[in-house]
Amino acid sequence: MDAVTHLKNARRIVVKVGSALVAGDDGAPAAAWMSALAADAARLRRRGQDVILVSSGAVALGRRALNLAPPLKLEEKQAAAAVGQLALTKAWETALDAKNLKLAQLLLTLDDTENRRRYLNARATLETLLSLGVVPLVNENDTVATAEIRYGDNDRLAAHAAQMAGADCLVLLSDIDGLYTADPRKDAAATFIPHVATITPEIAAMAGGANSKTAIGSGGMETKLIAAEIAVAAGAAVIIAKGLPGDGTTSPLAALEEGARCTVFAPSGTPAAAKKRWIAGRLKPAGAVVIDAGAAGALARGKSLLPAGVIAVEGAFSKGDAVEILTAERVRLGRGLIAYDAADATALAGKRSGEIKSVLGYDGRSALIHRDNMALNDVSEK
């Protein structure tokens with residue numbers, strides 16, 4: 001499929017914006033351009049599509065405000081991010097508010113997507129915000145992330161955000177209109193590549209000179225291809241496009257839908273299928289839940305696993321761990337990510353969802369394993 005089809009058919013779109021697009025030469029946010037992208041977001045929302053923004057620019061804006069000259073040491077970047085994040089968020093809030101859209105900020109570190117409990121909490125927050133019609137603004141929490149636990153660039157952060165949110169499409173907006181065989185600004189013979197079905201070693205090798213790093217951003221074509229690998233494996237199409245398609249005020253996504261040049265990376269299946277494969281084959285189970293025949297029938301009909309259908313709980317697991325789903329006869333039905341730790345799951349076994357608060361002392365999730373966090377045998381083996 002081409003970019004137009006991906007953008008119009010996607011249920012959920014993540015848009016990553018490079019520093020050079022939002023940080024003007026005068027040290028102020030690029031308000032006109034941000035307003036143009038806000039118009040894109042409003043149009044997609046009217047079509048019923050979810051939009052998540054991943055915006056660079058905090059360090060660039062803060063660096064100028066603090067009169068810091070590059071290259072910056074880690075502690076200087078963190079200080080610049082602490083100052084610049086305020087300006088960046090305010091600018092996006094102003095742009096989106098003018099289009100009657102609400103903005104929410106999520107600051108993440110690499111550990112938030114590597115630690116399963118924090119990953120699930122972050123994902124639940126994203127889902128809730130999107131269900132309320134809010135546009136989440138995601139950025140790396142540069143003020144607390146150390147060199148060892150940093151994404152280091154927002155291309156990869158955007159790919160992980162797309163994975164976390166189950167997005168269908170990831171758009172990487174920067175200063176270049178796609179992938180070339182070499183840097184077109186240095187090599188007149190560089191060839192543009194409009195579509196990538198598979199990221200082969202030959203494709204990956206093109207990133208070495210396809211887009212030199214600028215003094216403002218921290219990425220380049222190499223990080224975009226790494227991000228593309230992550231996102232397409234999670235079932236999202238990836239589009240690399242120029243963020244300034246015209247005079248600087250043209251809505252970049254609208255330009256793509258009108259045929260602006262870009263490179264499209266084909267997804268590997270769907271986000272839902274990718275998640276099922278991950279649950280089914282890549283996570284080691286930490287325990288098991290044994291369910292009755294009624295619950296087994298409900299799962300076969302696409303329902304979530306409720307506490308009432310659980311006969312027994314086995315193992316010492318934490319919230320968010322993968323557990324096996326077994327029948328009373330020890331037949332393995334599949335695997336899922338459980339919403340409670342072993343102690344709470346044991347306490348809830350056989351109870352109705354309406355009894356959760358009285359049993360645990362707090363309002364917990366109604367499903368022990370939600371259907372979206374479950375891979376049954378007939379799904380995982382396809």
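Every value quoted in this text rests on a predicted model; they were computed, and no experiment measured them.

Caption draft 1: Structural context of the sheet that holds strand S1 (residues 12-17). Judged by pairing direction, the sheet is mixed, and its eight strands sit side by side in the order S3-S4-S2-S1-S5-S9-S10-S8 without closing on themselves. Unpaired on one side and paired on the other, strand S3 (103-108) and strand S8 (195-196) mark the two borders of the sheet. Pairing of strand S9 (residues 237-242) with strand S10 (residues 262-265) involves four bridges; the strand directions are antiparallel. From the neighbouring strand, isoleucine 240 faces S10, where its bridge partner is threonine 263. Across the sheet, helix H5 (residues 74-97) lies against S1, strand S2 (50-55), S3 and strand S4 (135-140), angled at about 150° from S3, the strand it touches most.

Caption draft 2: Region of interest: the packing of helix H3 (residues 31-46) against H5. Interhelical geometry of H3 versus H5 gives an angle of 55° and a closest axis separation of 8 Å. By the angle between their axes, H3 is oblique relative to H5. The chirality of how H3 crosses H5 is right-handed. Residues Trp33, Met34, Ser35, Leu37, Ala38 and Ala41 of H3 pack against Leu88, Ala91, Trp92, Ala95 and Leu96 of H5.

Caption draft 3: Inspection of the side chain of aspartate 183 at higher detail. Within the element layout of this structure, aspartate 183 appears in the loop between strand S6 (179-180) and strand S7 (192-193). What makes aspartate 183 buried here is its relative accessible area of 4%. Engagement of the side chain of aspartate 183 in a polar contact is seen with the backbone nitrogen of arginine 185, the distance being 3.0 Å.

Caption draft 4: Representation of the confidence of the model for the protein chain within the structure. Averaged over all residues, the pLDDT of the protein chain is 88; the fraction at 70 or higher stands at 90%. Every residue in residues 209-217 scores below 50 in pLDDT, and together they form 26 contacts with partners more than four places removed in sequence or on other chains.

Caption draft 5: Structural context of unusual backbone geometry. Residue proline 71 is bonded to the preceding proline 70 through a cis peptide linkage, with omega at 0°. With respect to the helices, strands and loops of the structure, proline 71 is situated in the loop between helix H4 (58-65) and H5. The residue asparagine 67 is not glycine, and still its phi comes out positive at about 55°. Its location among the elements puts asparagine 67 in the loop between H4 and H5. The backbone phi angle of arginine 330 is positive, close to 70°, even though this residue is not glycine. Its location among the elements puts arginine 330 in the loop between strand S13 (322-327) and strand S14 (332-337).

Caption draft 6: Summary view of the environment of arginine 47. Within the element layout of this structure, arginine 47 appears in the loop between H3 and S2. On a C-alpha basis, the gap between arginine 47 and lysine 8 in space is 8.6 Å, while along the polypeptide they are 39 residues apart. In this view, arginine 47 contacts Leu7, Lys8 and Glu257; residues no more than four positions away in its chain are not counted. Looking at arginine 47, its side chain comes within polar contact range of the side chain of glutamine 49, at 2.9 Å. Separated by 2.8 Å, the side chains of arginine 47 and glutamate 257 make a polar contact.

Conventions adopted
Residues numbered from 1 in each chain as written. Predicted model: local features only at pLDDT ≥ 70, side-chain atom pairs only at ≥ 80, totals over all residues. Heavy atoms only, no water. Pairing = 2+ DSSP bridges. Helix = DSSP H or I, 4+ residues; strand = E, 2+ residues; numbered from the N terminus. Contact = heavy atoms within 4.5 Å. Axes fitted to C-alpha atoms, helices over the stretch in contact; angles between N-to-C directions. Parallel < 35°, antiparallel > 145°, perpendicular 65-115°, else oblique. Left-handed = near helix turned anticlockwise from the far one by under 90°. Buried < 20%, exposed > 50% of the residue type's maximum accessible area, 1.4 Å probe, protein only. Polar contact = N/O pair within 3.5 Å; in protein donor to acceptor, adjacent residues only side chain to side chain. pLDDT = per-residue confidence, 0-100.

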